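# Results of the structural survey
Here's the letter readout for the chains.
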Amino acid sequence: MPAIDRVLVVGATGRTGRHVVAAAAARGLTPVALARDESRARKVLPDGTEIVTGDLTAPETLVKAVADTDAVIFVHGSDDDARPESFERVDYGGVANVLTALGDRRPRIVLMTTIFVTRRDHYFNDSGHALDWKRRSERLVRLSGAPYTIVRPGWLDAGEGGAHLRIEQGDTGEAGIGRDVLGALLIEALLDDTALGRTFEVFSGPGPATTDFTALFTQAKPDAPGALDAVEDSLNMPLDDEPARVRDDLAHLRTP
């Protein structure tokens, strides 16, 4: 894989994104924060952080933002239950629009979604189908041709705490993970080729801090090449039943 330096962080000003920015800088990378409002971003990000402006719901604003980046980390998301359509516009649409803005370029991608993303009957899916739209964003990344890792974290800042990491597959587990630990893990997934082509859930807890990330990522089975879903996922979202917009997006992004 080509060397990585400039990393576009989508969702950089959020509570998880700030940890990703800090972790990237700590590993000697150049984090580039995507923000709608530069002045607001400067209030919450470390001094000297490079900021590019763009709106995830307006693809024409993203072309300049994605230029000259070696990788993209997505840690964005909508929590606007009052406007259920925001999950489609932001969680899914943001990924679709960034991929479109990249044109033919396919830099390395780390996409953060969530546990429960395949549990279509979970109450998180009741208003706006938040889980379904996150899962659809995963499918875009898998079929885009970009080298990728998809991380489904447990409950953020919940659980027993600690920096000992555990990964699972199949979307059946439930536990927490600290945002600081998650931020570091996402950067390690970006830098370790063992993580490529894998989708997994991750949790943290008490015990020795995880330092051998290659060994950790090796525990995850890789996704099947060209598959819509992760290797252990329930096949409960048939493509033929998907919205026309989603089918069109997948068709446009699918590699030959």
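What counts and what doesn't
- Position labels on residues start from 1 in each chain and follow its written sequence.
- Totals for whole chains, interfaces and linings use every residue, but because this is a predicted model, local features are given only for residues with pLDDT of at least 70 and side-chain atom pairs only at 80 or more, for both listing and counting.
- Hydrogens and water molecules were not included; the side-chain quantities draw on all heavy atoms of the structure.
- Strands here mean DSSP runs of E at least two residues long; helices mean DSSP runs of H or I at least four residues long; both are numbered from the N terminus.
- The reference for a compact globule is 2.2 Å times residues^0.38; the radius of gyration itself is calculated from the C-alpha atoms.
- For every residue, the accessible area (1.4 Å probe, protein chains only) is compared with the maximum for its type, and the residue is labelled buried under 20%, exposed over 50%, or partly exposed between those bounds.
- Each accessible area is a Shrake-Rupley result for a 1.4 Å probe, and residues are judged covered by the shown protein chains and nothing else.
- Any two strands with at least two DSSP-identified bridges between them are counted as paired.
- Geometry is summarised by axes, namely lines fitted to C-alpha atoms with helices restricted to the contacting stretch, and by angles between N-to-C directions that run from 0 to 180 degrees.
- Orient the strands so they point away from the viewer, and a crossover whose first-strand-to-second-strand path over the helix runs clockwise is right-handed.
- Using a 1 Å grid laid over the protein atoms alone, points where a 1.4 Å probe fits but cannot get out form a cavity; open sets with protein on both sides within 12 Å along at least 5 of 7 lines form a pocket; any residue with an atom within 4 Å of a point counts as lining.
- Grid points are joined across faces, edges and corners, and a volume is the space filled by probe spheres set on the points.
- Note that Gly is not counted as nonpolar here; it falls among the polar residues with everything else outside the nonpolar set of Ala, Val, Leu, Ile, Met, Phe, Trp, Tyr, Cys and Pro and the charged set of Asp, Glu, Lys and Arg.
- Note on aromatic contacts: the rings of Phe and Tyr and the six-membered ring of Trp form a pair at centre separations within 6.5 Å, being stacked when their planes are under 30 degrees apart, edge-to-face when over 60 apart, and tilted otherwise.

Our focus in this paragraph is the overall build of the protein chain. Per the secondary structure count, the protein chain includes eight helices and 10 strands. For the protein chain, whose C-alpha radius of gyration is 17 Å, the value lies close to the compact-globule estimate of 18 Å for 256 residues. Counting only C-alpha atoms, the protein chain reaches 45 × 45 × 40 Å along its principal axes. Across the 256 residues of the protein chain, 54% fall into the buried class. Roughly 11,300 Å² of accessible area belongs to the protein chain as shown, and the carbon and sulfur atoms make up 50% of that amount.

Right, let's get into the sheet that holds strand β4 (residues 71-74). If you trace the eight strands from one edge of the open sheet to the other, you get β3-β2-β1-β4-β5-β6-β10-β8, paired in mixed fashion. Of all the strands in the sheet, just β3 (50-53) and β8 (164-168) have a single pairing partner and so form its edges. Each strand of the sheet is rotated relative to its neighbour by a mean of 25 degrees, with strand direction disregarded. Where β8 and strand β10 (residues 198-205) come together, five bridges link them in antiparallel fashion. Pairing of Leu 165 across the sheet is with Ser 204, part of β10.

Extensive coverage of strand β5 (residues 108-112) is indicated by the burial of five of its five residues. Covered by surrounding structure in β5 are Arg 108, Val 110 and Met 112 together with Ile 109 and Leu 111, the residues of both alternating faces. In this structure, β4 lies alongside β5, joined through four bridges in parallel fashion. Bridging across to β5, Phe 74 finds its partner in Leu 111. By the bridge criterion, four bridges tie β5 to strand β6 (residues 148-153) in an arrangement that is parallel. Its bridge partner lying in β6, Met 112 is registered against Val 151. Regarding the hand of the β-α-β motif, the stretch spanning β5, helix α5 (residues 130-143) and β6 is right-handed.

Taking burial as the measure, the six residues of β6 include six buried ones, the bulk of the element. Strand direction decides the pairing type here: β6 and β10, joined by five bridges, are parallel. Directly across from Thr 149, in β10, lies its bridge partner Arg 198.

Turning our eyes to something else, we now look at unusual backbone geometry. Of note in this structure, Asp 68 is not a glycine but carries a positive phi near 60 degrees. Here Asp 68 falls in the exposed class, since its relative accessible area comes to 61%. You will see that Asp 171, though not glycine, has its phi angle at about 60 degrees, which is positive. If you trace the backbone, Asp 171 turns up in the loop between β8 and β9 (176-177). In this structure Asp 171 comes out as buried when scored by relative accessible area, which is 2%.

Overall, the coordinates contain one cavity of 30 Å³ or more when judged by the stated rule. Roughly 40 Å³ of volume is contained in the largest cavity. Considering the residues around the largest cavity, the lining is formed by His 76, Asp 91, Leu 111, Met 112, Thr 113, Lys 134 and Ser 137. Breaking the lining of the largest cavity down by element, the ones donating at least two residues are β5 and α5. Grouping the constituent residues of the lining of the largest cavity by class yields two nonpolar, three polar and two charged.

Moving on to the environment of Ala 96. Here Ala 96 shows up in helix α4 (residues 86-101). Ala 96 sits 22 residues away from Thr 118 along the chain, and the two C-alpha atoms are 19 Å apart.

Time to look at the packing of aromatic side chains. This model, assessed by the stated rule, comprises seven aromatic pairs. On the basis of an interplanar angle of 70 degrees and a centroid distance of 5.7 Å, the ring pair of Phe 116 and Trp 155 is categorised as edge-to-face. Here Phe 116, found in the loop between β5 and α5, pairs with Trp 155, found in strand β7 (residues 155-156); they are 39 residues apart in sequence, far enough to count as distant. For Phe 116, a relative accessible area of 1% translates into the label buried. Exposure remark for Trp 155: the relative accessible area of 31% places this residue in the partly exposed category. Between Phe 200 and Phe 217, the aromatic rings sit 5.9 Å apart at their centres with planes inclined by 35 degrees, giving tilted as the arrangement. Of this pair, Phe 200 sits in strand β10 while Phe 217 sits in helix α7 (residues 213-218); the two residues are 17 residues apart in sequence, bridging distant segments of the chain.

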